[in-house]
Amino acid sequence: MLARQAGADVFVVDMGVAADLVAGPDLFDHKVRKGTSDLATGPAMSRDEAVQALLAGVEVAHRLVAEGYDCLLTGDMGIANTTPSAALVAAFTGSAPGRVTGRGTGVDDPTLGRKVQVIASALLDRPVTDDPVETLASLGGFEHAGIAGFVLGAAALRVPVILDGVIAGAAALVAQALAPAAVGHCFAGHRSVEPGHAVALDRLGLRPLVDLDLRLGEGTGAVLSFPIVESAGALLREMATFDSAGVARKDAGEELA
């Protein structure tokens, strides 16, 4: 509904749904496998799977741009994916797990403590290296890899991307580590209430366009901010400058009326 209101089209990309889905015009099949492994017990995916998922995101971006879309928005739908998101933010920013881990769907204090413990243990068992793909494979989800590739693919074509919440922010950190200039093509649609999102945005150097205390976004923050980005583009293209409008300047020795 929000996409329709904003004039945006919605496409679903199956990166790793634990069911068999039928691909169609609005559903792209890029399933790596039916769900990642448990990051609490070992790497979430293999390096080859991480690369496959990254390249799938690149392919989706190129496909949409080829179809005429000139601004791409991210969204995601997963279960328990605020945990790997917080793990990626901690890994790529060096922040303490307790600082970047939030309540996700509204978990209680013991469960929040468990989330922090799982992330801390994973980082201890599999220390971060200078290889972003290995870090992604160790801690991330297929959706993170797909969104990271999506950002890279769009940036390569000089097409802007509006990021959604903490999952997209964590994925953008992967893209930044692989190609720092790619983030120059990104807008932060909003700031999520998940604490890791603010940390991710700070590292990315992005200022959120709106701050509405959104939590379970699934792309809604990006869609809500899209009209702002669209309006900014219209201003650059269509609004008259002082020179073109014949407005006198003070530095030319004339007072503005």
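Residues numbered from 1 in each chain as written. Predicted model: local features only at pLDDT ≥ 70, side-chain atom pairs only at ≥ 80, totals over all residues. Heavy atoms only, no water.

1. Overview of the nonpolar core
Phase 1 of the analysis: By size, the foremost hydrophobic cluster in this structure holds 60 residues, and its most contacted members are Leu72, Leu163 and Leu206.
Phase 2 of the analysis: If we ignore the near neighbours within four places in the chain, the residues touching leucine 163 are Thr74, Val151, Ala168, Ala172, Cys186, Phe187, Ala188, Gly189, His190, Leu206 and Ala222.
Phase 3 of the analysis: In terms of nonpolar packing, the next biggest core, distinct from the first, is built from seven residues, Ala6, Ala222, Val223 and Phe226 among them. (Core = buried A, V, L, I, M, F, W, Y, C linked by side-chain atoms within 4.5 Å. Buried < 20%, exposed > 50% of the residue type's maximum accessible area, 1.4 Å probe, protein only. Contact = heavy atoms within 4.5 Å.)

2. Re helix 9 (residues 195–204)
Phase 1 of the analysis: Of all the positions in helix 9, only Gly196, His197, Val199, Ala200, Leu201 and Leu204 are classed as buried.
Phase 2 of the analysis: In the core, the buried residues of helix 9 are packed alongside helix 3 (82–93), helix 4 (97–100), helix 8 (166–178) and strand 5 (186–188).
Phase 3 of the analysis: Remark: glycine 205 follows helix 9 within two positions and exhibits a positive phi of approximately 75 degrees. (Helix = DSSP H or I, 4+ residues; strand = E, 2+ residues; numbered from the N terminus.)

3. Quick word on the side chain of threonine 74
Phase 1 of the analysis: By the secondary structure assignment, threonine 74 is in the loop between strand 3 (72–73) and helix 3.
Phase 2 of the analysis: A polar atom in the side chain of threonine 74 sits 3.0 Å from the backbone nitrogen of aspartate 164.
Phase 3 of the analysis: Beyond its immediate chain neighbours, meaning those up to four positions away, threonine 74 contacts Ile147, Phe150, Val161, Ile162, Leu163, Asp164, Ala168, Gly219 and Ala222. (Polar contact = N/O pair within 3.5 Å; in protein donor to acceptor, adjacent residues only side chain to side chain.)

4. Focus: the packing of aromatic side chains
Phase 1 of the analysis: What the rule picks out here adds up to two aromatic pairs.
Phase 2 of the analysis: Aromatic pair phenylalanine 11 and phenylalanine 28: ring centres 5.5 Å apart, planes at 25 degrees, arrangement stacked. In this pair, phenylalanine 11 sits in the loop between helix 1 (2–6) and strand 1 (12–14) while phenylalanine 28 sits in strand 2 (residues 27–29), placing the two residues 17 residues apart along the sequence.
Phase 3 of the analysis: Phenylalanine 11 sits in the partly exposed class, given a relative accessible area of 22%.
Phase 4 of the analysis: Plain terms: the ring middles of phenylalanine 11 and tyrosine 69 are 5.7 Å apart, the flat faces sit at 80 degrees to each other, and that makes the pair edge-to-face. In this pair, phenylalanine 11 sits in the loop between helix 1 and strand 1 while tyrosine 69 sits in the loop between helix 2 (47–66) and strand 3, placing the two residues 58 residues apart along the sequence.
Phase 5 of the analysis: Among the aromatic residues, those joined into a ring-pair cluster are Phe11, Phe28 and Tyr69.
Phase 6 of the analysis: Sitting above the plane of the phenylalanine 28 ring, arginine 63 keeps its charged end 3.7 Å from the centroid. (Phe/Tyr/Trp six-rings, centres within 6.5 Å; stacked < 30°, edge-to-face > 60°. Lys NZ or Arg CZ within 6 Å of the ring centre and 35° of its normal.)

5. Thoughts on helix 3
The α-helix winds at 3.6 residues per turn, so residues separated by three or four positions along the chain end up facing the same way.
Phase 1 of the analysis: The end-to-end C-alpha distance of helix 3, which contains 12 residues, comes to 16 Å, matching closely the 16 Å that a straight helix rising 1.5 Å per residue would cover.
Phase 2 of the analysis: Burial of helix 3 is extensive: 12 of the 12 residues sit out of reach of the surface.
Phase 3 of the analysis: For helix 3, the complete set of buried residues consists of Thr82, Thr83, Pro84, Ser85, Ala86, Ala87, Leu88, Val89, Ala90, Ala91, Phe92 and Thr93.
Phase 4 of the analysis: Tucked inside the fold, the buried residues of helix 3 contact helix 4, helix 5 (109–125), helix 6 (132–139), helix 7 (142–156), helix 8 and helix 9.
Phase 5 of the analysis: Phi for glycine 94, located one or two positions after helix 3, is positive at around 75 degrees. (Expected span 1.5 Å × (residues − 1).)

Keep in mind these values describe shape, not function.
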